[in-house]
Amino acid sequence: MPTAISIFGLVKNFGSTRALDAFDMTVWDNEVHGFLGPNGAGKSTTIRVLLGLLRRDAGEIDLLGGDPWRDAVALHRRLAYVPDDVKLWPTLTGGEVIDLMGKLRGGLDPARRAEMLDRFKLDPTKKCGTYSKGNRQKVAIVAAFASDVELFLLDEPTSGLDPLMVMAFRETVTEARREGRTVVLSSHIFADVEALCDRITIIRQGKTVQAGTLDELRHLTRTLIEVETERTVDDLEKLPGVHAVEREGLQTSFQVDSDEIDRVLRHLVQFGVKSLHSAPPSLEELFMRHYGDEVSEQKKPEEA
Amino acid sequence: MKQAFTGTLALAWVALSRDRIQLPIWIVAITLFKVFVLAAWNGDLTDEELLSVTQFYGVHPAMRLFGLASGPTLGAYVMSRGFVLFAVLIALMSILFVVRHTRQDEDTGRAEYINSAVVGRHANLASAFMVAVGANIVLALLISLVFIFNDLPVAGSFAAGAAYAGVGIFFAGVASVTAQLAATSRGATGLALLALGVAFALPGIGNMLGQVDEEGVRIISSWPAWLSPLGWGQQMRPFAEDHWSLLGLFGFFFVAFALAGFYLETRRDIGKGFLPEKPGPAEAAPSLLNPLGLVWRLQRGAFVGWAIAVTLFSILFGAVSGDIDALLEELEEWTDIFERIGGTDVMIDAAFVTFVGIFAAVIAIYAVQVLLRMRLEESDGPAEPVMATAVSRQRWIMGYIVNSVLGAAALLLMAGLAMGISAGVALDELGTWVSDLVVAALVQLPAVLVIIGIVVAAFGLLPRRVGLIAWLVLAVAIITGPWLAGILDLPEWAENISPFSHAPAVPAEAVTATPILAMLAVAIVLVGIGILAFRRRDIDLPAG
């Protein structure tokens, strides 16, 4: 399958701080790719390198068949970007900014613009200085999705949106995918990523720690099983891949490595299963597994 | 009712600590400015000279625009020269302070947070008043002391300080009302500045339309002067008549504005104003849709302000030309300085070389401001989405450079034209003066371009230092420029540092191509270095 973005061994230093440390990421054509990581992990830095705003110190990048630094202008005609913290000019109206961004990108579709304004309930006659964070974000989202581009780079685009607007945003991303476009969605919001993304990359301290489809990643982690049996379940702890067993009478709950589920179920049926509940790990649990130690250690945040 | 003011003292303390740097800087800077102004004028003027300069300010209608002559004493002369300028500065301090601590808190959401605590409805505004009035009184006392240390009469010194404080406190009241009216802090500041502009214009007009006494040393103003707090401050006539009773006018209006501010505050929601924010265009005009148009749009308001100020002052400087010979006969020291700067003993030509040079230096400040906006867009973040579009770095930076160069050229042209027309009318030689002074102004452009070049190069090479470098370069160029170097008696090598020293001294001398071409070449090389460096470096954006 052709790739929209492939990054290999990307290094970016800010003075003595290493923001990206041999980071790898592959985004296929026409997928919605989730990009996760805690604050300061290097998400925004990666996106800024992809935009040619920062110059990489080492590594290979192929962005839509070009080099993000050398071919910046040509590539920017084919992509749209929604920044994390949207800063706009207080004296310009939202409508003016949308037109400006669209024109500078190479033109925008007036019908699409009107449709997006309506969908996001944005008043284009208001000055940007009076917009809330969510409304500034809507300006950037409308400006991006009213353009006819191949790739969208979205840096935490829903952090200021209310739930209704989040639904409108998801609809917009789904449409874009259906039309054959590619979306990179950097986010903290697991629900958005779970709902939208085909594949995800998790970054931590400038390195890739996980990449793959959500299903693939789930295989790398544990499933929670709660089971009620006719007789007490014995010898569960002796099975490979079983963790955190708790018993309360005939109720048993435990975690199991995803590739050991089959063996464990065969074991369980010997005891007369009356009910069984299994929960696949949520993205949040995946994420917490990679960052749990960091959260508990309260590490100092680094430069993004 | 008493509850409405709960927490006022605590909030006043918060306001003071938030402003522990900004407010003292205003107060100290204005006081020091006064010290320098007095040092420049004190001791040098004989009684005859005082009489003649006072008459100059009394008789000449254009000069009356900026001051009210009250008598041939040093104190009265200093007040007529400096009162309006200092009153405007002090009013600005008050307006910015009050808006910062009322309306701006609402814009940032701080006010909501504060008001959720045990704080009365009027506590925030009342605390802003307390600190603003206090700051004005401190400043007034300091200014009075500066006068007293310069051996001026004590009563007049305090009257002068009181006149300044009156204006400052009046505008604290005005700002408290505009903060309720406007929908944003920007709007509140704008409305208050509009009021300040009207207050600035009225006494000027009133004094121009007024009568001057037989000796030509005391103006009796016409009625418009009495419609403005700046007018009342002038009419107090410190060091001449000391009309203390006019303080009552300031007090009355401050109380009235304060009550209006409190009343309006009870009638509106937090974060909203009485004047609805006017809707703007839903679609952008085609002229906005490129980097050049964007920068022009962002800069337009500032440019218009500069254009008005440059034109007005140019008319004024042109208009005094008719009296310059007469004035300089009285003040021999100035004759020497003008001769040195202009390189000619034809005083009128030497004077215009000086005037045009000063305008060029001031216009360079505008050019630098446009370029520093570029850095602000980068460090604050709005540049990021623009550079993520199909705009190359050259096109982006050229948007600022072209606006800076064309803006400076247009302002120089306006200065030359306005000065030429008004001098031409005064001296009855319209054609000659217009063409001479337009050329004189335009040959200053290469010197401005050198400064633009240095700032662009700094932006490319040392983006985080560009603000410091820009102001330093401006300061050095002005201090070692021909006018100050003349007054400060600097050696020739020092004078040669400033690009302004190399601009042809038209109309005293003919235009010479060598310095113009040399400065153009330097400017182009510097701009080229800046653009190349900018294309190769990281964009220095806020942490995301």
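Residues numbered from 1 in each chain as written. Chains lettered and ligands numbered in written order. Predicted model: local features only at pLDDT ≥ 70, side-chain atom pairs only at ≥ 80, totals over all residues. Heavy atoms only, no water.

### Re the overall build of chain B
For chain B, the count of helices and strands is 24 helices and 2 strands. For 544 residues, the compact-globule formula gives about 24 Å, and the C-alpha radius of gyration of chain B, at 25 Å, lands near that figure. Across its three principal axes, chain B shows a C-alpha extent of roughly 75 × 70 × 40 Å. Burial statistics for chain B: of 544 residues in total, 54% are counted as buried. (Helix = DSSP H or I, 4+ residues; strand = E, 2+ residues; numbered from the N terminus. Rg over C-alpha atoms; globule rule 2.2 N^0.38 Å. Buried < 20%, exposed > 50% of the residue type's maximum accessible area, 1.4 Å probe, protein only.)

### A few points about the overall build of chain A
The helix and strand inventory of chain A stands at 10 helices and 13 strands. If you line up chain A on its principal axes, its C-alpha atoms span 70 × 45 × 40 Å. Here chain A holds 304 residues, and the buried ones make up 53% of them. Partitioning the intrachain contacts of chain A with sequence separation of at least 6 by distance along the chain shows that 68% fall at a separation of at least 24. Entry remark: accessible area of chain A is about 13400 Å², with carbon and sulfur atoms responsible for 48%. Positive and negative side-chain charges in chain A, numbering 39 and 49 respectively, have mean positions lying 5 Å apart. (Contact = heavy atoms within 4.5 Å. Areas by Shrake-Rupley, 256 points an atom, 1.4 Å probe, with all protein chains shown as cover. Lys, Arg positive; Asp, Glu negative; His and termini not counted. Charge placed at Lys NZ, Arg CZ, Asp CG, Glu CD.)

### Some remarks on the packing of helix H5 (residues 74-101) of chain B against helix H9 (residues 154-181) of chain B
All names here are of chain B. Look at H5 against H9: their axes get within 8 Å of each other, and the N-to-C directions meet at 35°. Along this stretch, H5 crosses H9, giving a crossing that reads as right-handed. Facing Met79, Gly82, Phe83, Phe86, Ala87, Ile90, Ala91, Ser94, Ile95, Val98 and Val99 of H5, the residues of H9 in contact are Ala160, Ala163, Tyr164, Val167, Gly168, Ile169, Phe171, Ala172, Ala175 and Ser176. Here the residues of the contact of H5 with H9 sort into 17 nonpolar, 4 polar and no charged. (Axes fitted to C-alpha atoms, helices over the stretch in contact; angles between N-to-C directions. Left-handed = near helix turned anticlockwise from the far one by under 90°. Nonpolar A, V, L, I, M, F, W, Y, C, P; charged D, E, K, R; others polar.)

### Some words on helix H5 (residues 133-145) of chain A
All names here are of chain A. Taking 1.5 Å per residue as the helical rise, H5 with its 13 residues ought to reach 18 Å, and the 18 Å between its terminal C-alpha atoms agrees with that figure. For H5, the tally of buried residues reaches 10 of 13 residues, placing the bulk of the element in the interior. Check the buried side of H5 and you find it contacts strand S5 (79-82), helix H3 (94-105), helix H4 (110-119), strand S6 (151-155) and helix H6 (163-178). (Expected span 1.5 Å × (residues − 1).)

### Looking at the sheet that holds strand S13 (residues 273-279) of chain A
Residue and element names in this part refer to chain A. Taken in spatial order, the 4 strands of this open sheet run S11-S12-S10-S13, and their pairing is antiparallel. Looking at strand neighbours, the two that pair on one side only are strand S11 (242-248) and S13, the edges of this open sheet. Each neighbouring strand pair of the sheet contributes to a mean axis angle of 15°, computed without reference to strand direction. As defined by bridge partners, S11 adjoins strand S12 (residues 251-257) across 5 bridges and the pair is classed as antiparallel. (Pairing = 2+ DSSP bridges.)

### Details of the interface of chain A and chain B
With 38 residues of chain A in contact, the opposing surface of chain B contributes 40 residues. At the boundary of chain A with chain B, total buried surface from both sides reaches about 3400 Å², with 60% on carbon and sulfur atoms. Area buried by chain A at its contact with chain B is led by Leu53(A), Trp89(A) and Leu104(A), which between them contribute 20% of it. Here chain A and chain B share 3 salt bridges between them. Arg48(A) serves as the salt-bridge partner of Glu384(B), at 2.9 Å between the closest nitrogen and oxygen. Applying the counting rule to chain A against chain B returns 20 residue pairs in polar contact (both at pLDDT 80 or more). Contributing elements (two or more residues each) for the side of chain A that touches chain B: strand S1 (3-14), helix H1 (43-50), helix H2 (72-76), S5 and H3 of chain A. (Buried area = accessible area lost by both parts, 1.4 Å probe. Salt bridge = Lys/Arg side-chain N within 4 Å of Asp/Glu carboxyl O. Polar contact = N/O pair within 3.5 Å; in protein donor to acceptor, adjacent residues only side chain to side chain.)

### Here we look at the pattern of salt bridges
Residues and elements named next belong to chain A. Going through the model one piece at a time under the given rule, you end up with 36 salt bridges over all chains. Note that Asp262 is salt-bridged to Arg266, the shortest N-O span being 3.1 Å. Here Asp262 pairs with Arg266, and both are found in helix H9 (residues 261-269), just 4 residues apart, close to one helical turn. Through salt bridges with shared partners, one network takes in Arg112, Glu115, Arg119, Glu171 and Glu175.

### Topic: the sheet that holds S1(A)
Residue and element names in this part refer to chain A. Taken together, the 3 strands give an open sheet; going across it, the order is S2-S1-S4, and neighbouring strands pair in antiparallel fashion. With partners counted over all chains shown, the strands left at the sheet margins are strand S2 (17-28) and strand S4 (58-63), one partner each. Taken over all neighbouring pairs, the strand axes of this sheet differ in orientation by 15° on average, direction set aside. Sitting on the sheet, H1 touches S1, S2 and S4, and the angle it makes with S1 is about 115°.

### So, a nonpolar patch on the surface
All names here are of chain B. On the surface, Ile137, Leu141, Val154, Phe158, Trp244 and Leu247 cluster together into a nonpolar patch covering about 500 Å² of accessible area. If you list the elements that add at least two residues to the nonpolar patch, you get helix H8 (123-149) and H9. Note on placement: Leu141 falls in helix H8. Given a relative accessible area of 44%, Leu141 falls into the partly exposed group. (Patch = residues over 30% accessible without salt bridge, like charges linked within 9 Å, V, L, I, M, F, W, Y side chains within 5 Å.)

### Here we look at the packing of H8(B) against H9(B)
All names here are of chain B. Running from N to C, H8 and H9 cross one another at 160°; their axes reach a closest spacing of 8 Å. Comparing the axis directions of H8 and H9 gives the class roughly antiparallel. Viewed along their axes, H8 and H9 form a crossing whose handedness is right-handed. Partitioned by chemical class, the residues of the contact of H8 with H9 number 16 nonpolar, 8 polar and no charged. (Parallel < 35°, antiparallel > 145°, perpendicular 65-115°, else oblique.)

### Overview of the nonpolar core
Judged by nonpolar contacts, the single largest core of 214 residues is most densely connected at Ile5(A), Phe147(B), Phe171(B), Trp396(B) and Phe500(B). With 19 residues, the top contributor of residues to this core is helix H16 (residues 347-380) of chain B. In contact with Phe147(B), not counting residues within four places along its chain, are Lys34(B), Leu38(B), Val78(B), Met79(B), Leu152(B), Ser157(B), Ala160(B), Tyr164(B) and Phe239(B). Judged by nonpolar contacts, the second largest core, of 11 residues, contains Leu236(A), Val242(A), Phe254(A) and Phe271(A). (Core = buried A, V, L, I, M, F, W, Y, C linked by side-chain atoms within 4.5 Å.)

### Comments concerning unusual backbone geometry
Residue Pro507(B) is bonded to the preceding Val506(B) through a cis peptide linkage, with omega at 5°. One can find Pro507(B) in the loop between helix H23 (492-495) and helix H24 (513-536). In this structure, Lys121(A) takes a positive phi of about 50° despite not being glycine. Residue position: Lys121(A) is located in the loop between H4 and H5. Even without being a glycine, Asp235(A) presents a positive backbone phi close to 60°. Among the residues examined, Asp235(A) registers a relative accessible area of 41% and is labelled partly exposed.

### Here we look at the packing of aromatic side chains
Residue and element names in this part refer to chain B. Enumeration over the complete set of coordinates arrives at 28 aromatic pairs over all chains. Through a chain of ring-to-ring contacts, the aromatic side chains of Phe170, Phe171, Trp232, Phe250, Phe252, Phe253 and Phe257 assemble into a single cluster. Taking the ring centre of Phe86 as reference, the NZ or CZ of Lys34 above it sits at 3.9 Å. In this structure, Arg537 is placed above the aromatic ring of Phe459, and the distance from its NZ or CZ to the ring centre is 4.8 Å. (Phe/Tyr/Trp six-rings, centres within 6.5 Å; stacked < 30°, edge-to-face > 60°. Lys NZ or Arg CZ within 6 Å of the ring centre and 35° of its normal.)

### Some points on the side chain of Ser228(B)
Residue and element names in this part refer to chain B. When you line up the elements, Ser228 lands in the loop between strand S2 (219-220) and helix H11 (229-235). A residue is classified by how much of its surface remains accessible, and Ser228, at 0% relative accessible area, is buried. Reaching out from Ser228, the side chain makes a polar contact with the backbone oxygen of Ala199 at a distance of 2.6 Å. Residues contacting Ser228, with those up to four places away along its chain left out, are Ala199, Leu202 and Pro203.

### Things to note about H24(B)
All names here are of chain B. Under the 1.5 Å per step criterion, the end-to-end length of H24 is 35 Å for 24 residues, consistent within 8% with the ideal 34 Å. Those residues of H24 that fall on the buried side of the exposure criterion are Ile516, Met519, Ala523, Leu526, Val527, Gly530, Ile531, Ala533 and Phe534. Summarising the contacts, the buried residues of H24 are in contact with helix H17 (383-387), helix H18 (393-427) and helix H20 (445-461).

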